[in-house]
Each structure stands twice: as C-alpha cells, then as structure tokens.
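Each chain, letter by letter, is given below.
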Amino acid sequence: MSRTSIMDRLEILADAAKYDASCASSGTTKRHSRDGRGIGSTEGMGICHAYAPDGRCISLLKLLLTNQCIFDCHYCINRKSSNVRRARFSPQEVVDLTLSFYRRNYIEGLFLSSGIVKSSTHTMEQLIEVARILREEHDFRGYIHLKTIPEADPELVAQAGLWADRVSINVELPTDAGLSRLAPDKNSKTIEGAMGRLSSAITEAHDARSRFRKAPIFAPAGQSTQMIIGADGASDAQIVGKASTLYDRFSLKRVYYSAFSPIPEASAVLPLKRPPLMREHRLYQSDWLMRFYGFAPQEVQQATEDDGMLPLDIDPKLAWALKFRDRFPVDLNRAPREAMLRVPGLGVKAVDAILVARRHRSIRLDDLARLSASVKKLRPFIVTDDWRPTLLLDRADLRARLAPQARQMELFA
C-alpha cells in the first residue's frame, strides 16, 4: 500500500473510532523498556489526548481495524446500511502504525476496536493478532486496550485478556427493550454472558498470580463497558440502576457514558436531537458518587426529578442534599467521614484533609476556603467552630441561590 492510502485509511478509521469513550488507561501493570529490552512503556508521557482517573495524562492511538460492518445498529454511523467511506487495515498495518507512532513519542499505547467484517469470530481473530504481534514479535510493553466482540467464539474473547491490559465489551444501551429495537443483531444475554466469562477469567488469573509468581497476567487493568445515552427513552434513574448492576455483577473498572449524536441519514426511530452534553456529565458525577462517595444506587436515584432525570442545573450531590435537608448541617469537627462526604462542595481529598487537620485544632470557615472551590455551596450544610447556618438551610429559594448562574460566553475574554 502507498503512504497516501495508509494516511487516507488512518483518517477514516481514526475518525470512526471517536464515538467510543472507553479508552482511559489507568490501573494496569507497570512495564517499561528502560533496561534495554523490549519497546514501549505504560508509564511514559506523550502528546496527550485524555486524562486517566488517577490523574495521569495519557495518549493512545485510537482507531478501528475496519469500519465495515455486517450489523445494522440504528445508532451506529458504521452500520451496514450507512453511506460512509469504508476502509480496512490488516493486523500488520496496525502494528506498524502503532510502533511508528510510539517511536515518535506521539502515543503511549493502542486502543483498538472494529466493525464486524465476515463474522464476529473472524474479526476477533484479527484484533487478537494485532496484540499478539505487538507483544510476542516486538516485545511491546506499552498499553493495549482491546474492544472485544461478545458474539465471537468465547475462547477468542478469553485470549484477548492474555495480550491486552484492558478489555471491554459495550452493553450499548441501558435497557433490553432499547437494545432489541435499535440493535436487532445484538442480544443482551450474549453480551452479559461474555462479560461474565471475562470477569471470571480476570478473578481466576488474579488468584493464580497471588499463589504462583509465574502465572500468566490476564487483563491487569480489568474490564470496562460503555452505554449510549439518549438514543432510547431510558431515564437517568434507569441508567444509574443499570450501571450499578454491571459494577456488582462483573466487577467493572469503569462504566462510560456516551451521549448519542445524530448521524447522517439516520434511521427514523432515532431522536432528531442529541441529548444535552450536561446530561452525560451529570451521569459521570452520579457514577463518582457511587464509586467514591459511598452513595447507594437508590440514593443517587433519589436525586432525580419526578421524570427520573437528573437535574441539569445542579450536580447530583447537591440535588440529593436539597431533598434530604434533615441530614444536615454536618459538624465538620465531629462528624464521621461518611457524613462529610455527603456535603455538597466537599471532595474526597478535602474531607481527608479535614480529618487530619481536626486532630490538631478546630476547623473554622476560613480553613475551608483553602480546601473547596465554593464556600458558598458549603455554608448551608455545615457547622464549624465559627459558623452555624441557622435558618439558611430551610430557605425555599436555597436551590436558586446555589445553582450556578448562567452567563454569556465571551469570544475575546
């Protein structure tokens, strides 16, 4: 293939991969090639495209093996009935691109997905071949994330974890009804069955590594998934419940949310407008409440409005606090960590800092200005050595006072 054709295909297939949000690279095994052996590293810094949840700046070559597909999912721009330019890489071409980009310090690793060409099993074989060549033939020690295909042979799906740092299987949509209506070629039982097998394999490999030092490493960065938001009629309460179930059943590292984006020549069953991007942001915030702040799924669902949707003007923690004002104010000099984590405006680091500081002196309102970006949001919900909210917590207009004010953006600020 000529250089021009490679670049043309790279433009098509990198653009086609932008709809997949699940490409963070945190939590994997640390590997490097500083001892002169192998190529690549999971710890290096390159041209950055995203931030991992642990704060590291990451850069990945993110592309599809092909955007050809035998499936006809209504929401997918690469569906078989879509009128888009098609392209395809061979496994060796993806390997060559990855190594070329890495040696130029453009990337830290590879995120590889694909449309379904010929069959699910054939496509999965091609994806695995890319990872195998990188690991075995080039001793590549950078990060690899493989998007696996649940309809493929289960043995092939399991093999993905032997070469990749992270594996993922998209559940696609929050409800079974939405999946059967918008993705008729896919089945929720098949998807969740594949996720269950991957979860078991990860657990077994972890147990084996704890007993036998030379046991093979299997998907050290775990398993993730993605849900498309706004393509069907699922409410935020349903989405939160689905995410919680997935975390519990499959020990997922992350559930990613991707706001549906209207596509050219879209099916008539799809919405004409995309959901607000703020909705996607609120769902990520609710996900954080369950993962790091000790909120039960039912409590996050209680933060929704009567229609089951999270409010867009305020964050889920503030929405919950306004509904359950009887839980406040919280005395920051005496309350346990669990109670302080529920205070709107206090993050995990701020709460931990307060716990350390109050061993030596009483917490005052001025101390919070160094720990929180918005003392105004904190005031109604806390008690400090020099502050008590009195009747502020009972004000009928409290939500309006705490909601961020809309402002006109400036082009030349």
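Residues numbered from 1 in each chain as written. Predicted model: local features only at pLDDT ≥ 70, side-chain atom pairs only at ≥ 80, totals over all residues. Heavy atoms only, no water.

Asker: Quick rundown of the confidence of the model for the protein chain? Include the residues and the values.
Answerer: Chain-level statistics for the protein chain give a pLDDT mean of 87 and a share of 87% at 70 or above. With pLDDT under 50 throughout, residues 42-48 is counted as low confidence; its partners more than four residues away or in other chains account for 28 contacts. (pLDDT = per-residue confidence, 0-100. Contact = heavy atoms within 4.5 Å.)

Asker: Lay out the pairing of strand β8 (residues 254-259) in plain terms, naming residues and giving numbers.
Answerer: Taken across its six residues, β8 has six buried, putting it largely inside the fold. Of the two faces of β8, both are covered, the one formed by Arg254, Tyr256 and Ser258 as well as the one formed by Val255, Tyr257 and Ala259. One ladder, built from six bridges, connects strand β7 (residues 223-229) with β8; its direction is parallel. Within the sheet, the bridge partner assigned to Ile228 lies in β8 and is Ser258. One crossover worth recording links β7 to the parallel β8 by way of helix α7 (residues 236-250), and it is right-handed. (Buried < 20%, exposed > 50% of the residue type's maximum accessible area, 1.4 Å probe, protein only. Helix = DSSP H or I, 4+ residues; strand = E, 2+ residues; numbered from the N terminus. Pairing = 2+ DSSP bridges. Right-handed = clockwise from strand over helix to strand, strands pointing away.)

Asker: Which residues make up the state of the cysteines, and what values go with them?
Answerer: All chains considered together, the criterion is met by zero disulfides. Of all cysteine sulfurs, the one in Cys76 lies closest to Cys69, which takes part in no disulfide; the gap is 6.3 Å. What makes Cys76 partly exposed here is its relative accessible area of 28%. (Disulfide = S-S within 2.5 Å.)

Asker: Go over the side chain of Ser286, please, and point to the residues and values.
Answerer: Relative to the helices and strands, Ser286 resides in helix α8 (residues 277-292). If sequence neighbours within four positions are ignored, Ser286 has contacts with Val240, Val300, Leu310 and Pro316.

Asker: An account of the sheet that holds strand β4 (residues 109-113) is requested, with residue identities and associated values reported.
Answerer: Spatial ordering of the open sheet is given by β3-β4-β5-β6-β7-β8, a layout of six strands whose pairing is parallel. Each of the sheet's edge strands pairs with one partner strand only, and the pair in question is β3 (60-64) and β8. Averaged over all adjacent pairs, the angle separating strand axes in this sheet is 20°, with direction ignored. With two bridges joining them, strand β6 (residues 166-168) and β7 adopt parallel strand pairing. Bridging from a neighbouring strand, Ser168 pairs with Ser224 of β7. Where helix α3 (residues 120-137) meets the sheet, its contacts fall on β4 and β5 (143-147), and the angle it forms with β5 comes to roughly 165°. (Axes fitted to C-alpha atoms, helices over the stretch in contact; angles between N-to-C directions.)

Asker: I'd love a proper account of helix α2 (residues 91-103), names of residues and values included.
Answerer: Spanning 13 residues, α2 covers 19 Å between terminal C-alpha atoms, matching the ideal 18 Å at 1.5 Å per step. Count one or two residues on from α2 and you reach Asn105, which has phi positive near 65°. (Expected span 1.5 Å × (residues − 1).)

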